[in-house]
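Each chain, written out:
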Amino acid sequence: MSSSGSRRSNVKIAAGALVCEESILKGDITIGPKTIIHPRASIIAEAGPIIIGEGNIVEEMATIINRLPPDAPAPTTTPVQIVGSYNVFETDCTCEAFKVGDNNILESKAHVGREVQLTNGCVIGALCTLTEPDTIPENTIVYGSDCQRREMNDKPYPPISQIEFLFKILPSYHHIRKHNMPVISESDT
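Attention here is on the structure that accompanies the text. (Residues numbered from 1 in each chain as written. Predicted model: local features only at pLDDT ≥ 70, side-chain atom pairs only at ≥ 80, totals over all residues. Heavy atoms only, no water.)

## Remarks on the overall build of the protein
Counted only if it meets this: Helix and strand assignments follow DSSP, with helices taken as H or I runs no shorter than four residues and strands as E runs no shorter than two, numbered in order from the N terminus. Each residue's exposure class comes from its accessible area (1.4 Å probe, protein chains only) as a fraction of the maximum for that residue type: buried when under 20%, exposed when over 50%, partly exposed otherwise. Any two residues having at least one pair of non-hydrogen atoms within 4.5 Å are treated as being in contact. Here the accessible surface of atoms and residues is derived via Shrake-Rupley with a 1.4 Å probe, and residues count as covered only by protein chains that are part of the display.
For the protein, the helix and strand inventory stands at two helices and 21 strands. The dimensions of the protein, computed from C-alpha atoms along their principal axes, are 40 × 40 × 35 Å. The burial tally for the protein puts 49% of its 189 residues in the buried class. A separation threshold of at least 6 residues defines the contact pool for the protein, and within that pool the share at least 24 residues apart is 30%. About 10000 Å² of surface is accessible on the protein, with carbon and sulfur atoms providing 53% of the total.

And the structure:
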């Protein structure tokens with residue numbers, strides 16, 4: 001069911017990415033190397049393209065979506081949603097932010113609206129909702145029912161060991177989509 005909808009999409013999967021067949025991919029989406037898209041994760045590019053960098057983890061029922069608000073006029077330019085590298089989108093979170101930097105974590109059921117910009121090393125706590133226009137400073141943790149903020153002493157570590165584990169285990173239990181973008185070496189750039 002979801003795979004037929006995604007066949008009509010323009011989905012580009014880099015070599016080295018692991019994208020489960022049961023994920024929901026709609027629209028113009030580019031998925032970078034070492035990125036893992038779990039089954040039942042949704043990436044929906046309604047209003048414009050979504051570009052996802054290297055080493056991200058998008059867990060079950062997490063949603064990354066580029067859409068316009070229901071009452072918004074048609075944009076004059078196509079808004080591009082850019083997700084950096086080594087971010088973790090935990091179960092059932094939603095990310096609409098146009099710009100997500102590197103090493104961020106959206107915990108379970110967190111929601112980040114389209115007018116929010118995540119810089120680098122931020123943690124949006126479980127059940128926290130950010131929808132007002134804002135740029136979250138680097139190494140900020142948002143937590144609690146009032147979405148309180150504080151600066152972390154250390155940056156979150158990239159989820160390298162989690163990525164390595166998932167690359168070993170997910171193909172044993174799920175069908176994986178084949179990559180359709182060539183490997184780009186640093187000498188090519």
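Now that the structure is up, let's keep going.
## Here we look at the environment of A126
Here A126 is to be found in the loop between strand 17 (123-124) and strand 18 (129-130). With relative accessibility at 40%, the residue A126 sits in the partly exposed group. It is 16 Å that separates the C-alpha atoms of A126 and E96, two residues lying 30 residues apart in sequence. For A126, the residues in contact, after removing those within four places along its chain, are E107 and S108.

## Here we look at the side chain of N87
We apply this condition: N or O atoms within 3.5 Å of each other form a polar contact, as long as, within protein, one can give a hydrogen and the other can take it, and as long as residues adjacent in sequence are counted only when both atoms are side-chain atoms.
Relative to the helices and strands, N87 is located in the loop between strand 10 (81-83) and strand 11 (88-89). In this structure the side chain of N87 is engaged in a polar contact, spanning 3.4 Å, whose partner is the backbone nitrogen of N103. Aside from chain neighbours lying at most four places away, what touches N87 is G55, N56, I57, V100, G101, D102, N103 and N104.

## Details of the pattern of salt bridges
Our working definition: Here a salt bridge means any side-chain nitrogen of Lys or Arg lying within 4 Å of a carboxyl oxygen belonging to Asp or Glu.
Tallying each qualifying case throughout the model produces six salt bridges. In this structure, E54 and K34 form a salt bridge, with 3.4 Å as the shortest nitrogen-oxygen distance. Residue E54 is found in the loop between strand 7 (50-52) and strand 8 (57-58), and its partner K34 is found in the loop between strand 4 (28-31) and strand 5 (36-37); the two are separated by 20 residues along the sequence. Look at K34 and you get partly exposed, because its relative accessible area is 41%.

## Describing helix 2 (residues 160-173)
Since there are 3.6 residues in each turn of an α-helix, residues three or four apart along the chain are aligned in direction. Just so we agree on the cut-off: Expected helix span is computed as 1.5 Å times (number of residues minus one). In this scheme, the bend at a residue equals the angle between the axes fitted to the seven residues that finish there and the seven that begin there.
Look at helix 2: 21 Å from first C-alpha to last across 14 residues, which is about the 20 Å you get at 1.5 Å a residue. Bending of helix 2 peaks at approximately 30 degrees at the position of L166. All of the buried residues along helix 2 are I163, L166 and L170.

## Topic: the pairing of strand 1 (residues 10-13)
Remark: a regular strand shows side chains that alternate across the two faces of the sheet. To keep it simple, the criterion reads: The criterion for strand pairing is that DSSP finds at least two bridges linking the strands in question.
Here strand 1 shows a clear split, with V11 and I13 buried on one side and none of N10 and K12 buried on the other. Sheet analysis places strand 1 next to strand 4, joined by four bridges and oriented parallel. Pairing of V11 across the sheet is with I29, part of strand 4.

## Focus: unusual backbone geometry
Of note in the backbone geometry, K109 takes a positive phi value of approximately 65 degrees without being a glycine. By secondary structure assignment, the location of K109 is in the loop between strand 14 (105-106) and strand 15 (111-112). Given the relative accessible area of 47%, K109 is considered partly exposed. Phi at L127 takes a positive value of approximately 65 degrees, unusual for a residue other than glycine. Here L127 lies in the loop between strand 17 and strand 18. The exposure class of L127 is exposed, given its relative accessible area of 62%.

## Side note on the sheet that holds strand 17
The strand order across the open sheet formed by eight strands is 2-5-8-11-14-17-20-21, and the pairing between neighbours is mixed. With one partner strand each, in any of the chains shown, strand 2 (18-19) and strand 21 (148-151) form the two edges of the open sheet. Bridge count between strand 5 and strand 8: two bridges; the pairing is parallel. In the sheet register, I36 faces strand 8, and the bridge partner there is I57.

By themselves, these are just geometric observations and shouldn't be taken as functional.
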